[in-house]
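Examination of the molecular architecture
Residue-level listing of the chains:
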Amino acid sequence: MKELIASGASAVRAAAALKRARSSVQVKARKLGMPFMASRDAKRIRNAKIAEAESRLAR
């Protein structure tokens, strides 16, 4: 789970990868002291990475 959080995975993606409920994954992450990033923040970062990659391709 620590690797998933560090890589920027969302709670939903981590839950799917671990075959667990989203809520149980979030609770465990908080207990580990590594809560998941808020979904709106994760989306903003993901969109920024996509835009950067697209700008590289356009060059």
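Above this text is the structure in question.
Keep in mind the model is a prediction, meaning the values are calculated, not measured. Counting from 1, residues in each chain are numbered in the order their sequence is written. Only residues with pLDDT of at least 70 are given local features in this predicted model, and only at 80 or more are side-chain atom pairs given and counted; all residues enter the totals for whole chains, interfaces and linings. Side-chain descriptors were evaluated using all non-hydrogen atoms of the structure, hydrogens and water having been removed beforehand.

As for the layout of surface pockets
Sizing a probe to match a water molecule and rolling it over the atoms shows the empty space that remains. Of the grid points, spaced at 1 Å and generated over the protein atoms alone, those admitting a 1.4 Å probe that cannot get out make up cavities, while open sets with protein on both sides within 12 Å along at least five of seven lines make up pockets; any residue with an atom within 4 Å of a point is treated as lining. Grid points are joined across faces, edges and corners, and a volume is the space filled by probe spheres set on the points. A volume near 290 Å³ is recorded for the largest pocket. Lining the largest pocket we find 16 residues, and of these Ser-10, Ala-11, Met-37, Ser-39 and Ala-42 sit closest to its centre. Working definition: helices are DSSP H or I runs of at least four residues, strands are E runs of at least two. Numbering for both runs from the N terminus. Residue contributions to the lining of the largest pocket peak at four residues, all from helix α4 (residues 39-58). The nonpolar class holds Ala, Val, Leu, Ile, Met, Phe, Trp, Tyr, Cys and Pro. Asp, Glu, Lys and Arg form the charged class, and all remaining residues, Gly among them, are polar. Per-class residue counts for the lining of the largest pocket are eight nonpolar, four polar and four charged.

A short note on the pattern of salt bridges
A pairing counts as a salt bridge when a side-chain nitrogen of Lys or Arg comes within 4 Å of a carboxyl oxygen of Asp or Glu. The tally for this structure, following the rule as stated, stands at two salt bridges. When the shortest N-O distance is used, the salt bridge between Asp-41 and Arg-44 registers 3.9 Å. Residue Asp-41 and its partner Arg-44 are located together in helix α4, separated by three residues, close to a single helical turn. In this scheme, a residue with accessible area under 20% of its type's maximum is buried, one over 50% is exposed, and one in between is partly exposed, where area comes from a 1.4 Å probe on protein chains only. Overall, the relative accessible area of 29% leaves Asp-41 in the partly exposed class. The shortest N-O distance in the salt bridge between Arg-56 and Glu-52 comes to 2.4 Å. Residue Arg-56 and its partner Glu-52 are located together in helix α4, separated by four residues, close to a single helical turn. The exposed category is assigned to Arg-56, whose relative accessible area is 52%.

Geometric values such as these leave the question of function open.
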